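Chain and residue survey
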Amino acid sequence: MQSPLSPTKTDHARSARASLCALYFFAFTSTYVWTIFPRTLETIGWSGAAVGILYSARKAVDIPSMWLWGALADRFNRKRIIQVQLGVGLLASIALATFLRQDQLMVASLLLFSASAASVFPIADSLTISKLGPDAYGFVRSFGSAGYAAMALAAAVVGISAQNYDAFSLFAIPFLLTIIIASLVFSFFIPNVDTAPRKSSVPLVAQNLSLLTQPGFVFLLVIGALHWACQTPLNLFLVALCEHHNLPTWSPGLGIFIGVSFEVLILAISKPLLKRLPSSIWLAISILTGVFRWYLMGHADTALSMMLLQALHGITFGAFFMAAIAMVISHVPEDQRSSGQAMFYLSVFGFGSIIGNLIAGPAFDSYGVVTIFEFASFAEFALLIPSVLFAWRTITR
C-alpha cells in the first residue's frame, strides 16, 4: 500500500495544481479585454452613458447565470460544467467578432458571453478549494492575476505600435478569441473531483437563501459590492483617463500590469498574511487604501505618477479578494461552496458593477473622467465606518 506521501500521489497533486494554474492564467486573462472594450465601443460611436448601460446589462445577465451555474455545480460535475461554459463562450466570442459593428447582434453576443464563460470563476474556485484545500487557493488564484498582468503587458506593447487610442482599442476582440480558445483547451486537463452527481432534497432557491442567515457573509456581500462599485472608473475609464492627461498609449496597459503584479504578490502570500491579521481587518485596509488611490489617480498627470499609484492595486483588490474568499470559506459549508462562491461573485462583481456602471457612465459624460475618480474616493471614505466597526466586532467578540 502506498503512503500518503508516495511519489504517485505527489505527482498527481502537482499535476492537478499545474492544470488549475493554467486554467486560471488563461481564463482570467480574458477579463482584461473588458477594460479595453469601452474604448472600442467609443471608437464605433458609443457614448459613455451607453457603455455604462451595456456593462450594467452584462452584470444583470451575470447575476442569474452565476447563481444557476453555481447551484448546478453543487449537484453535478464541476469540470464538465466549466467546459460547457467555455465552449458557449467561444461561440459567443466568434459572434462578437463577426457582428462588432451591428449593435443588436453585438450586444446579444456580448450578453451570451456573460451568461457562459464570464460565469466560470466561482465553479473554478470551488473545484480548486475542494481538490487542493483552502490554503492552496491563494497561490493557484494568483496565476489568474498573473494572466491578467501578462495581458496588460501585451496591451502595452500593442499600444507602442498602435500610436493612437482608436487603433489600440480594436485589438480587444482578437485578444478575446485567442484567450478563450486557450482556456477551453486547458479545461480538459483540470482534475475531476466529482465521481458522481450529487443529489439534494433541498430546492435550489432554498439552498441558496439559507446562506443569507450568516450575518458575516451578508455583510461581505453588501460591503464588497459597494467597494467593487468604487473600482468602476478603473475598470471602464482608465484608458480615457490616460488619454485625458495626454499620457502615452502604452500607459494603460503598463499601469494594469504593475497593479496586477502586486495583486499576484498579495495572493501568492495570502496564507501568512491572513495569519498576521484577520480577514475583516484586511477588508478595512483595502477600503482605506481605495480612498487615497482613486483621488490621486484622478490627478496623476504624468506617466510615472500613474504607474507608481498602480502598486496600490495589490491592496485595493488583492487584499480585498484574499479577505473575501477567506470569509466565504469560513461562513459557507463545503457542500454549498459553489453556491456560496457564486453568490459572492454575483453580489460583488454583479450588483457592484451594475451600481458602479450606472453611476460612472452618465457621470463621465456630464462631469468628465477626473471627477468620477474623485467620486470613487469619497464613496470609499463613506464605507470606512461600517468596515472598521465590523473589523472591531470581529476581533473583540
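Reading guide: rules and limits
Residues numbered from 1 in each chain as written. Predicted model: local features only at pLDDT ≥ 70, side-chain atom pairs only at ≥ 80, totals over all residues. Heavy atoms only, no water. 1 Å grid on protein atoms, 1.4 Å probe; cavity = no way out; pocket = protein on both sides within 12 Å on 5 of 7 lines; lining within 4 Å. Points joined across faces, edges and corners; volume = space filled by probe spheres on them. Helix = DSSP H or I, 4+ residues; strand = E, 2+ residues; numbered from the N terminus. Buried < 20%, exposed > 50% of the residue type's maximum accessible area, 1.4 Å probe, protein only. Polar contact = N/O pair within 3.5 Å; in protein donor to acceptor, adjacent residues only side chain to side chain. Axes fitted to C-alpha atoms, helices over the stretch in contact; angles between N-to-C directions. Left-handed = near helix turned anticlockwise from the far one by under 90°. Contact = heavy atoms within 4.5 Å. Parallel < 35°, antiparallel > 145°, perpendicular 65-115°, else oblique. Nonpolar A, V, L, I, M, F, W, Y, C, P; charged D, E, K, R; others polar. Core = buried A, V, L, I, M, F, W, Y, C linked by side-chain atoms within 4.5 Å. Salt bridge = Lys/Arg side-chain N within 4 Å of Asp/Glu carboxyl O. Phe/Tyr/Trp six-rings, centres within 6.5 Å; stacked < 30°, edge-to-face > 60°. pLDDT = per-residue confidence, 0-100.

**A short note on empty space enclosed by the protein**
Applying the stated rule across the entire model yields 3 cavities of 30 Å³ or more. Its boundaries defined by the atoms lining it, the largest cavity holds a volume of some 620 Å³. Around the largest cavity, the lining comprises 32 residues; the ones closest to its centre are Thr31, Lys59, Tyr148, Trp228 and Asn235. Put simply, the parts of the chain that give the lining of the largest cavity at least two residues each are helix H2 (33-43), helix H3 (48-73), helix H7 (134-162), helix H12 (232-244), helix H13 (251-268), helix H17 (313-331) and helix H18 (337-367).

**A word on the environment of threonine 98**
Inspection of the secondary structure assignment puts threonine 98 in helix H4 (residues 78-98). Overall, the relative accessible area of 51% leaves threonine 98 in the exposed class. A distance of 2.8 Å separates the side chain of threonine 98 from the backbone oxygen of isoleucine 94, its partner in a polar contact.

**Focus: the packing of H13 against H17**
Between H13 and H17, the least distance of the axes is 8 Å, while the angle of their chain directions is 35 degrees. You can see that H13 and H17 cross each other, and the crossing is right-handed. When H13 is examined against H17, the residues Gly259, Val260, Phe262, Glu263, Ile266 and Leu267 are found in contact with a partner set consisting of His313, Gly314, Ile315, Phe317, Gly318, Ala319, Phe321 and Met322.

**Some remarks on the packing of H2 against helix H9 (residues 172-187)**
Any two packed helices are characterised by the angle at which their axes cross and by the distance between the axes. Close contact between H2 and H9 brings their axes to 9 Å; oriented N to C, the two are set at 150 degrees. Looking at the two axes, H2 sits roughly antiparallel to H9. For the pair H2 and H9, the sense of crossing is left-handed. Facing H2, whose interface residues are Val33, Trp34, Ile36, Phe37 and Thr40, H9 presents Ala172, Ile173, Phe175 and Leu176. Along the lines of polarity and charge, the residues of the contact of H2 with H9 split into 8 nonpolar, 1 polar and no charged.

**Description of the nonpolar core**
Counting residues in each nonpolar core, the largest one holds 120 residues, and the members touching the most others are Phe37 and Phe344. The leading source of residues in this core is H18, at 11 residues. Dropping the residues within four chain positions of it, phenylalanine 37 is found in contact with Tyr55, Leu96, Leu100, Met106, Leu110, Ala172 and Ile173.

**Points about the side chain of serine 251**
Take serine 251: it is sitting in helix H13. Take serine 251: its relative accessible area is 1%, and that puts it in the buried class. Within the local environment of serine 251, its side chain forms a polar contact with the backbone oxygen of proline 248, the two atoms lying 2.5 Å apart. Setting aside residues up to four positions removed in sequence, serine 251 forms contacts with Tyr165, Cys242 and Met307.

**Some details on the pattern of salt bridges**
Here the structure, examined in full by the defined rule, presents 2 salt bridges. Between arginine 39 and glutamate 243 there is a salt bridge whose closest N-O contact spans 3.3 Å. Here glutamate 243 lies in helix H12 and arginine 39 lies in helix H2, a separation of 204 residues in the sequence. We classify arginine 39 as buried; its relative accessible area is 8%. The class of glutamate 243 is partly exposed, set by a relative accessible area of 31%. Salt-bridge contacts for glutamate 263 lead to arginine 141; the nearest nitrogen and oxygen are separated by 3.9 Å. A residue pair is termed long-range when its members are at least 10 positions apart, and glutamate 263 in helix H13 and arginine 141 in helix H7 qualify at 122 residues. Here glutamate 263 matches arginine 141 in class, with each residue buried.

**Here we look at the side chain of serine 109**
For serine 109, the position within the fold is in helix H5 (residues 103-115). Not counting residues up to four positions away in its chain, the partners in contact with serine 109 are Ala92, Ala95, Leu96 and Phe99.

**A word on unusual backbone geometry**
Notably, asparagine 246 is not glycine yet its phi reads approximately 60 degrees, a positive angle. Among the secondary structure elements, asparagine 246 is positioned in the loop between H12 and H13.

**Let's talk about the packing of aromatic side chains**
All chains considered together, the criterion is met by 20 aromatic pairs. Pairing tryptophan 34 with phenylalanine 37 gives two aromatic rings, centres 5.6 Å apart and planes at 85 degrees, and the pair type is edge-to-face. With tryptophan 34 and phenylalanine 37 both in helix H2, this residue pair falls 3 residues apart, about one helical turn. This pair shows no difference in class: tryptophan 34 is buried, exactly as phenylalanine 37 is. With a centroid separation of 5.7 Å and an interplanar angle of 80 degrees, the aromatic rings of phenylalanine 344 and phenylalanine 349 are classed as edge-to-face. With respect to burial, phenylalanine 344 and phenylalanine 349 carry one shared label: buried.

**Thoughts on the confidence of the model for the chain**
Averaged over the chain, the pLDDT score is 83; the fraction of residues at 70 or greater is 90%. Summarising per-element confidence for the chain, the mean pLDDT is lowest in helix H10 (residues 204-209) (56) and highest in helix H15 (residues 279-298) (95). Note on residues 1-6: pLDDT under 50 across the span, and 3 contacts to partners over four residues away in sequence or across chains.

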